Number of protein chains: 2
Amino acid sequence: MRAVTIKDIGKKLGINHSTVSRAINGDPRISVDTKRKVMDAVRDMKYTPNLAARGLIRGKSNTIAIITPSYFSNFSVDIMAGIEPEMIKTRYDVTYYTTSKYTTIGTQNKDSDLFAKILNERKADAVIVNGPIVGDPDILKRYKKAGIHIVYIEGKGDWGHRVHYDNQKAATMAVKYLADRGRKRIGLLVGNYEYVESMKERRDGYKKAMLDFTGKYDKDLTFSFYEDFGDACKNALMHFVDKKANAIYVATGDEDAIKVMAEAEKLGIKIPEDIAIIGQDDMKMAKIAGLTTIKQPISEMGKKAVELAVNAIEKNELKKMRDEIFYPELIIRKTTC
Amino acid sequence: MRAVTIKDIGKKLGINHSTVSRAINGDPRISVDTKRKVMDAVRDMKYTPNLAARGLIRGKSNTIAIITPSYFSNFSVDIMAGIEPEMIKTRYDVTYYTTSKYTTIGTQNKDSDLFAKILNERKADAVIVNGPIVGDPDILKRYKKAGIHIVYIEGKGDWGHRVHYDNQKAATMAVKYLADRGRKRIGLLVGNYEYVESMKERRDGYKKAMLDFTGKYDKDLTFSFYEDFGDACKNALMHFVDKKANAIYVATGDEDAIKVMAEAEKLGIKIPEDIAIIGQDDMKMAKIAGLTTIKQPISEMGKKAVELAVNAIEKNELKKMRDEIFYPELIIRKTTC
DNA sequence: TTGTAAGCGTTATCAT
DNA sequence: ATGATAACGCTTACAA
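Residues numbered from 1 in each chain as written. Chains lettered and ligands numbered in written order. Predicted model: local features only at pLDDT ≥ 70, side-chain atom pairs only at ≥ 80, totals over all residues. Heavy atoms only, no water.

## Here we look at the overall build of chain A
- Counting secondary structure elements, chain A contains 13 helices and 12 strands.
- What you see for chain A is a C-alpha radius of gyration of 26 Å, clearly larger than the 20 Å of a compact globule of 337 residues, by over 25%.
- Along the first, second and third principal axes, the C-alpha atoms of chain A reach 85 × 40 × 35 Å.
- For chain A, buried positions account for 53% of its 337 residues.
- Looking at chain A alone, contacts between residues at least 24 apart form 70% of all its contacts between residues at least 6 apart.
- Surface summary for chain A: the accessible area is close to 15500 Å², and the carbon and sulfur share equals 51%.
- Within chain A, one finds 57 positive and 46 negative side-chain charges whose respective centroids are separated by 6 Å. (Helix = DSSP H or I, 4+ residues; strand = E, 2+ residues; numbered from the N terminus. Rg over C-alpha atoms; globule rule 2.2 N^0.38 Å. Buried < 20%, exposed > 50% of the residue type's maximum accessible area, 1.4 Å probe, protein only. Contact = heavy atoms within 4.5 Å. Areas by Shrake-Rupley, 256 points an atom, 1.4 Å probe, with all protein chains shown as cover. Lys, Arg positive; Asp, Glu negative; His and termini not counted. Charge placed at Lys NZ, Arg CZ, Asp CG, Glu CD.)

## Quick look at the protein's contact with DNA strand C
- For DNA strand C, the set of nearby residues contains 27 residues, the closest of which are Asn16, Thr19 and Ile57 of chain A together with Ser21 and Tyr47 of chain B.
- In the interface set of DNA strand C, defined as its atoms within 4 Å of the protein, sugar plus phosphate atoms amount to 62%.
- Ser18 of chain A is positioned such that a nitrogen or oxygen atom in its side chain is 3.2 Å from a base oxygen of DNA strand C.
- Take Arg54 of chain B: an N or O atom from its side chain is 2.8 Å from a phosphate oxygen of DNA strand C.
- Put simply, the parts of the chain that give the surface near DNA strand C at least two residues each are α2 (17-24) and α4 (51-58) of chain A together with α1 (6-13), α2 (17-24) and α4 (51-58) of chain B.
- Taken together, the residues that form the surface near DNA strand C break down as 9 nonpolar, 11 polar and 7 charged. (Near = heavy atom within 4 Å. Polar contact = N/O pair within 3.5 Å; in protein donor to acceptor, adjacent residues only side chain to side chain. Nonpolar A, V, L, I, M, F, W, Y, C, P; charged D, E, K, R; others polar.)

## Considering the environment of Lys295 of chain B
All names here are of chain B.
- Checked against the element boundaries, Lys295 lands in strand β10 (residues 292-295).
- Owing to a relative accessible area of 27%, Lys295 belongs among the partly exposed residues under this scheme.
- Residues Lys295 and Ile331, spaced 36 residues apart in sequence, show a C-alpha to C-alpha distance of 6.6 Å.

## Observations regarding the sheet that holds strand β4 (residues 149-153) of chain A
- Taken in spatial order, the 12 strands of this open sheet run β11(A)-β5(A)-β4(A)-β3(A)-β1(A)-β2(A)-β2(B)-β1(B)-β3(B)-β4(B)-β5(B)-β11(B), and their pairing is mixed. The open sheet is flanked by β11 (323-326) of chain A together with β11 (323-326) of chain B, the only strands paired with a single partner. For this sheet the average axis-to-axis angle between neighbouring strands, irrespective of direction, equals 20 degrees.
- Bridge analysis of strand β3 (residues 126-130) of chain B against strand β4 (residues 149-153) of chain B gives 5 bridges, and the strand direction is parallel. Bridging across to β4 of chain B, Val129 of chain B finds its partner in Tyr152 of chain B. (Pairing = 2+ DSSP bridges. Axes fitted to C-alpha atoms, helices over the stretch in contact; angles between N-to-C directions.)

## Thoughts on the relation of the copies chain A and chain B
- Take chain A, turn it by 180 degrees, move it 0.1 Å along the axis, and it overlays chain B with an RMSD of 0.3 Å. The superposition of one copy onto the other is thereby described by a two-fold rotation axis.
- In this assembly, 100% of the residues forming the interface of chain A have copies in chain B that are likewise at the interface, indicating an isologous arrangement. (Least-squares fit on C-alpha atoms with pLDDT ≥ 70 in both.)

## What about the packing of α4 of chain A against α4 of chain B?
- For the pair α4 of chain A and α4 of chain B, interaxial distance at closest approach is 8 Å and the crossing angle is 140 degrees. Relative to α4 of chain B, the element α4 of chain A is oriented oblique. Handedness of the α4 of chain A/α4 of chain B crossing: left-handed. Across the interface between the two elements, Ala52, Ala53 and Leu56 of chain A from α4 of chain A touch Ala52, Ala53 and Leu56 of chain B from α4 of chain B.
- Residues belonging to the contact of α4 of chain A with α4 of chain B are distributed by class as follows: 6 nonpolar, no polar and no charged. (Parallel < 35°, antiparallel > 145°, perpendicular 65-115°, else oblique. Left-handed = near helix turned anticlockwise from the far one by under 90°.)

## Concerning the domain arrangement of chain A
Residue and element names in this part refer to chain A.
- Examined at the domain level, chain A breaks down into domain 1 (6-49), domain 2 (63-164 + 299-326) and domain 3 (167-296).
- If you look at the interface, domain 2 gives 7 residues, while domain 3 gives 11 residues.
- For the domain 2 and domain 3 pair, buried surface summed over both sides reaches about 780 Å², with 49% attributable to carbon and sulfur atoms.
- Three residues, Asn74, Pro132 and Glu154, lead the burial of domain 2 against domain 3; their summed loss comes to 53% of the area buried on that side.
- Counting every contact that joins domain 2 to domain 3 gives 1 salt bridge.
- A salt bridge links Glu154 to Arg202; its shortest N-O distance comes to 4.0 Å.
- Here domain 2 and domain 3 share 1 residue pair in polar contact (both at pLDDT 80 or more) between them.
- Residue contributions to the side of domain 2 that touches domain 3 peak at 3 residues, all from helix α5 (residues 74-88).
- By residue class, the composition of the side of domain 2 that touches domain 3 is 3 nonpolar, 1 polar and 3 charged. (Domains from an automatic or database assignment. Buried area = accessible area lost by both parts, 1.4 Å probe. Salt bridge = Lys/Arg side-chain N within 4 Å of Asp/Glu carboxyl O.)

Right, dumping it as structure tokens:
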């Protein structure tokens, strides 16, 4: 079945379809009378515009794309919790892309291909990018030229607005709190800090804070992993025990911190008596697990990202890039004394 | 900046754009030579098709829409965890809609409006609907006529494929397990069973199982809430204590079960000694909280929904509706003895 | 205030 | 095997 078009409405009303279009789009030159007739017909005939056609001619999609490494990581979920209520207020649709599709081993696809696809297929008027995903400079230039806005959450590129978090301060807070309570041998569990910006910043913060608050930075107290945590968890804990750590700042997030807690329980290590643990992010699970952690206002960051994206679209802001930073907060629970 | 089109490619190669189109779409009548040239140009010029244009003429969107009450509820997240890896294998994009936008108080919007919008704007070739959202029969008829497929997860409508769960059996398993271990006064915490199909089924299962395994159904042992749980949690627990329950099956899910546990702790009620608790779904948090629960293979259900949707699109299956059912499993942890 | 006609990028239907 | 042209539904100069 064919859906109702403006031509159908025009035919029924005995007027031209362009008049219908103008009436629908609020063109001021249309007479109140025809406008009313058109609007009535729209309701009666259950007309809604074909956005493919509209997008084709306007070069706009009325859509904001969200790119995440995965839909369902804890981080993505919290970001979404912030994005959803904000998107609801707007007239934009949401399309989701995960980079996992574009980094599949065995194909030549890369993150850049996803950026290119969204650009060329005119799938979005703005793109919110979450995580360590970087469009290459060439693509970014094309986005700018095409007037498609970019907002990075916890990441950055040559061009685009930013919403990010003071990772260095987060690490500093963790170290200072532990050091103040007499824990001087603080281990750092961190991700791939050569590739992931946030991990680099947390590591830098940790390093400086160790010098400032314990007087000593011992590189043996850092354990980093590049792959899925899985078994590495056990290894990490063993490593810290071996190095006589009496505290750990799990910079990779609460989920890993909780995994470390589970390993400790198996090994009969008491938390916080033997080893204190501080997580990162304050995910829901941190509360359930009683984990002391450094909060990241992830949802608010998602909300702000939508604000920036919508603002950028409506004001077509392509030159002055906005940069919004959020700050950490210490949440004390039961894994520190 | 304009993106590269097939006309640009045609011009560069000195051939007609329709030939380019055919080459790209694998028309067998095209010569190997021109096909190669076209494909080279596609790569060099970084061409990707404008899907708005393609969608316009084909009447297809190459998109599957996902409708959930909210993006970020635990249930949605788990569904997505199943949907994502499956979608990655396909050539479809994902667009998200939450019904919250369409049930906002103060507007006349309804779920049906969302269905209508997706239909008329040709936003999707198939729709996966998650939760107690029902398109009205009229709209459904229009979907069928328009050839837009529907897959319900844990719900149903007059027309559409289904992926669902044996809720009745889930409740039966919970009751039987508790009764077998001597707990005969089992409370049921349930949602709005007049409106939500799954809640109705769980309640039915509970009722029958109480008769079968404890010999007695006492309606005072049922507590249902219609609104956000929040404070109702405390009331529920007090109610069950008052009615001398020695076990509770929290049919509304693990999250609520954990809230009940937290309330119990505040009140000095011992779990499982005083009251045993069984949750529902086996979310991630259930493991962290040590909650005994009835598993629902939510992710697998999401995966199956994508399979059904893609299959329906590609075979244009509009008459024979598929119905896939999944079964519960008891996961024993620490909140039952 | 309204009608006419061109055009967005693609695919489909004729030709050749 | 390829070219020319119409068509999808919409918006928008340009006319009237």
